[in-house]
Amino acid sequence: MKPSQRINLALSRVPAWPLYIVGGLVPFWYLYLGLTGGLGVEPIEALEHRLGELALQGLIAGLAVTPLRNMTGVNLVKFRRAIGLVTFYFVTCHLLVWLVLDVQILSQIWADILKRPYITIGMIGFVLLIPLAVTSNNWSIRKLGPLKWRRLHQLGYAAAILGAVHWVMLAKGFQIEPLVYLGIVVLLLAMRVPKAVKRAVA
Amino acid sequence: ASLGARKTSYGSGLEPNTFEEITSYNNFYEFGVGKDDPAQNAGAMQTSPWSVVIDGMVDRPGTYSMDQILEGQTLEERIYRFRCVEAWSMVIPWVGFELADLLDRVGVQSGARYVAFETAVIPEVMPGVRRRVLDFPYVEGLRLDEAMHPLTIMATGIYDEPIPNQNGAPMRLVVPWKYGFKSIKSIVRITLTDSEPPTSWNKANAREYGFYSNVNPTVDHPRWSQATERRIGGGLFAARQETLMFNGYENEVAGLYEGMDLSVNY
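All values reported here derive from a predicted model rather than from experimental measurement. Along every chain, residues carry numbers that run from 1 in the direction the sequence is written. Chains and ligands are labelled by the order in which they are written, letters from A for the one and numbers from 1 for the other. Reporting in this predicted model follows two pLDDT cut-offs: at least 70 for local features of residues, and 80 or more for side-chain atom pairs to be given and counted; totals over whole chains, interfaces and linings ignore these cut-offs and use all residues. Side-chain numbers come from the whole structure's heavy atoms, not from hydrogens or water.

*Asks:* I keep staring at the overall build of chain B and nothing clicks. Help me out?
*Replies:* Put simply, DSSP H or I for four residues or longer makes a helix, DSSP E for two residues or longer makes a strand, and each gets a number counted from the N terminus. When helices and strands are tallied, chain B shows 8 helices and 13 strands. Against the globule reference of 18 Å for 266 residues, chain B gives a C-alpha radius of gyration of 17 Å, in line with a compact fold. With respect to the principal axes defined by its C-alpha atoms, chain B has extents near 50 × 45 × 40 Å. Only protein chains enter the area calculation, which uses a 1.4 Å probe; residues under 20% of their type maximum are buried, those over 50% are exposed, and those in between are partly exposed. Per-residue burial for chain B yields a buried fraction of 58% across its 266 residues. Residues count as neighbours in contact if any of their non-hydrogen atoms are within 4.5 Å of one another. Intrachain contacts of chain B at a sequence separation of at least 6 include 72% that bridge at least 24 residues. Only the C-alpha atoms count toward the radius of gyration. The rule for a globule is 2.2 Å times the residue count to the power 0.38.

Given below as structure tokens:
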């Protein structure tokens, strides 16, 4: 048996549901840290940034499933729905911290969304993820049919790009970390191009 | 070691941030871009002995040791508001002396109109310098009248203790009515000149950071509003507060900018 097959066999015994529990608790863990001094003297910004980073990591994890299978044979598809939904939850928490704890002022929130390009871009990314979260269930796949469903879920590509660009635009000076994240997203999307081209030609 | 600074009435009525807050949440990009990077990394910087080159249009140019700079200087405690361009703020009990005192000692020549400052560059202990976050050395500048203003100080302490490295040891500028990045840290050079000197953030992004960078709630940063700020230390549910014109020093400094359009000279 190939190593990838052995891994897949082992994974077949691992359920996906613990991801929801762990993912669901993570923001509360950070909230607890923020309340008890574990996030430093400016916990609002720290909480906002941690959640944003987690969301971006989740988007990347979701995008990595297919290339990983194509390159190594390791199949994580059964975890992808959980990854996607937990990621959407992180994005929502990130947005809520920004709205409720950070900006606070309702008129300023709207002005920021319209006036500040990095916030506009982040908001568009969030909105694109809503239909994905809503249709992340078996009923929707049946209802839409696999082809339509898959097309719809390609919105995740755009959301990941927008999320990474959102961070790059917000950085001051020349910062490596957000550029690395953007680079990874672009790479994971680029790995899909050859197959898409083949499909278009065929 | 207590510095024995003379108390002053500056900032009476303001509630200072704690020593821990002031020294654990810093921007000092030479040591990394994270707020806790300076506190973690700056300890490796040697700040004694330290000397400062004072040159350009002065009568007595030269390399001055910190001992020479501080000789006969009376240190004062001044509690100032500190407003970062990122829309957070603190209240800090600085210890220092007026920059004007130092400039008078070295003799400013009549043609001088600006003061340029430069931060140390020590790549071996400064990971941010190696990563080229900005075009180092970090440089800043003031118009001569801003530099000579009695509110402008050189700080060598906080809470009557020697200033920690992450806050700009052994000596930094403090210009309380300007955004924090103007208050350049760990100074190694002061140059008097007749033309406006380049400043680091202006070089990095001129649209966002002007030469003056006075705290101004009516002129937004292109990426965020400057109308409000969050005082560090309020925890997770801290309410924003309104930012004051010239960071609350309007009475003292507004005259410096009479007739200037502050949305153009931002």
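*Asks:* Which parts of the structure should I look at to understand the interface of chain A and chain B?
*Replies:* Accessible area lost during the coming together of the parts is what is often quoted as the interface size. Opposite the 25 residues of chain A that make contact, chain B presents 31 residues. Summed over both partners, the accessible area (1.4 Å probe) lost when two parts come together is defined as the buried area. Roughly 2,300 Å² of surface becomes buried between chain A and chain B when both sides are summed, with 54% attributable to carbon and sulfur atoms. Counting the surface chain A buries against chain B, the share from its top three residues, V41, R116 and K172 of chain A, is 31%. A pairing counts as a salt bridge when a side-chain nitrogen of Lys or Arg comes within 4 Å of a carboxyl oxygen of Asp or Glu. If you look at where chain A meets chain B, you find 6 salt bridges. R240 of chain B serves as the salt-bridge partner of D102 of chain A, at 2.7 Å between the closest nitrogen and oxygen. Under the rule applied, a polar contact is a pair of N or O atoms within 3.5 Å (in protein, one hydrogen donor and one hydrogen acceptor; residues adjacent in sequence only if both atoms are side-chain atoms). Our count for the chain A to chain B interface comes out at 14 residue pairs in polar contact (both at pLDDT 80 or more). Only α2 (17-35), α3 (43-72), α4 (77-103), α5 (106-115) and α9 (155-170) of chain A provide two or more residues apiece to the side of chain A that touches chain B. Among the elements that make up the side of chain A that touches chain B, the one with the highest residue count is α3 of chain A (4 residues). Here the nonpolar group is Ala, Val, Leu, Ile, Met, Phe, Trp, Tyr, Cys and Pro; Asp, Glu, Lys and Arg are the charged ones; every other residue, Gly included, is treated as polar. The class makeup of the residues in the side of chain A that touches chain B is 14 nonpolar, 5 polar and 6 charged.

*Asks:* Could you clarify how one ought to interpret the nonpolar core in this entry?
*Replies:* Residues and elements named next belong to chain B. In this structure, V52, W94, F117, M154, L173, W177 and I190 are the most contacted members of the largest nonpolar core, which totals 77 residues. Of all the elements, strand β5 (residues 88-98) adds the most residues to this core, at 6 residues. Here M154 is in contact with V95, G96, F97, L99, F117, M171, R172, L173, I187 and I190, once residues within four sequence places are set aside. In these notes, a set of buried Ala, Val, Leu, Ile, Met, Phe, Trp, Tyr and Cys residues joined through side-chain atoms within 4.5 Å is what counts as a nonpolar core.

*Asks:* Would you mind showing me how to read the layout of surface pockets here?
*Replies:* Over the atoms rolls a probe the size of a water molecule, and in doing so it shows where empty space is left. Residue and element names in this part refer to chain A. The volume enclosed by the second largest pocket comes to roughly 1,000 Å³. Looking at the second largest pocket, it is lined by 35 residues, and the ones nearest its centre are T66, R80, H153, Y157 and R192. The dominant element in the lining of the second largest pocket, judged by the number of residues it contributes, is α4, at 9 residues. Among the residues forming the lining of the second largest pocket, the class breakdown is 17 nonpolar, 10 polar and 8 charged. In this analysis, the protein atoms alone were mapped onto a 1 Å grid. Cavities are point sets where a 1.4 Å probe fits without being able to get out; pockets are open sets with protein on both sides within 12 Å along at least five of seven lines; lining residues have an atom within 4 Å of a point. Grid points are joined across faces, edges and corners, and a volume is the space filled by probe spheres set on the points.

*Asks:* Help me understand the sheet that holds strand β11 (residues 187-193) of chain B in this model?
*Replies:* Adjacent strands of a sheet pair through backbone hydrogen bonds, lying either parallel or antiparallel. Residue and element names in this part refer to chain B. Strand pairing is defined by DSSP finding a minimum of two bridges between the two strands. On the basis of which strands lie adjacent, the open sheet formed by 5 strands has the order β3-β2-β11-β6-β7 and mixed pairing. Of all strands in the sheet, those with a lone pairing partner are β3 (62-65) and β7 (139-143), marking the two edges. With direction set aside, neighbouring strand axes in the sheet form an average angle of 20°. Geometry is summarised by axes, namely lines fitted to C-alpha atoms with helices restricted to the contacting stretch, and by angles between N-to-C directions that run from 0 to 180 degrees. Where helix α4 (residues 99-106) meets the sheet, its contacts fall on β2 (51-56), β3, β6 (114-119) and β11, and the angle it forms with β11 comes to roughly 65°.

*Asks:* Help me understand the packing of α4 of chain A against helix α6 (residues 117-134) of chain A, please; the structure alone is not making it clear to me.
*Replies:* Relative placement of two packed helices is described by the angle separating their axes and the distance separating the axes. Residue and element names in this part refer to chain A. One can describe the packing of α4 onto α6 by two numbers: an axis separation of 10 Å at closest approach and a directional angle of 140°. Viewed along their axes, α4 and α6 adopt a mutual orientation that is oblique. The two elements α4 and α6 meet at a crossing, and its hand is left-handed. Residues L85, F88, V91, T92, L95 and W98 of α4 form the contact with α6, whose participating residues are I119, M123, F126, L129, I130 and A133. Oblique is the label for any angle not covered by the other classes, which are roughly parallel (under 35 degrees), roughly antiparallel (over 145) and roughly perpendicular (65 to 115). Crossing handedness follows the turn of the near helix against the far one: under a right angle anticlockwise gives a left-handed crossing, and clockwise gives a right-handed one.

*Asks:* Explanation requested: unusual backbone geometry in the structure shown.
*Replies:* Excluding glycine, residues mostly have negative phi values, and the peptide bonds linking residues are mostly trans. Residues and elements named next belong to chain B. Going from S48 to P49, the amide bond is cis rather than trans, its omega being 0°. Despite not being glycine, S186 shows a phi value in the positive range, around 40°. With respect to the secondary-structure elements, S186 resides in the loop between β10 (172-174) and β11. Unusually for a residue other than glycine, F246 sits at a positive phi of about 50°. Following the sequence through the fold, F246 ends up in the loop between β13 (241-242) and α8 (250-253).

*Asks:* What is the right way to read the packing of aromatic side chains from this model?
*Replies:* Where two aromatic rings form a pair, the distance of their centres and the angle of their planes describe that pair. Aromatic contacts are taken between Phe, Tyr and Trp rings whose centres are within 6.5 Å, Trp giving its six-membered ring; a plane angle under 30 degrees counts as stacked, one over 60 as edge-to-face, and the others as tilted. Summed over all chains, the structure comprises 18 aromatic pairs over all chains. With a centroid separation of 5.9 Å and 80° between ring planes, the pair formed by Y114 of chain B and F211 of chain B is classed as edge-to-face. You can see Y114 of chain B sitting in strand β6 and its partner F211 of chain B sitting in the loop between α7 (200-204) and β12 (228-231), a full 97 residues away along the chain. Clustering of aromatic rings is evident, with ring pairs tying together Y114, F211, Y212, F246 and Y257 of chain B. By definition here, charges over rings are those cases where NZ of Lys or CZ of Arg is within 6 Å of the ring centre and within 35 degrees of the ring normal. When the ring centre of W201 of chain B is taken as reference, the NZ or CZ atom of K172 of chain A above it lies at 4.7 Å. The positively charged end of K182 of chain B is found above the aromatic ring belonging to F211 of chain B, 4.4 Å away from the centroid.

*Asks:* What exactly am I supposed to notice about the packing of α4 of chain A against α5 of chain A here?
*Replies:* Residue and element names in this part refer to chain A. Where α4 contacts α5, the axes come no closer than 10 Å and their chain directions differ by 130°. Between α4 and α5, the crossing angle belongs to the class labelled oblique. You can see that α4 and α5 cross each other, and the crossing is right-handed. For the pair α4 and α5, the contacting residues are W98, L99 and V103 in the first and Q108, I109, D112 and I113 in the second. Looking at the contact of α4 with α5 residue by residue, the classes come out as 5 nonpolar, 1 polar and 1 charged.

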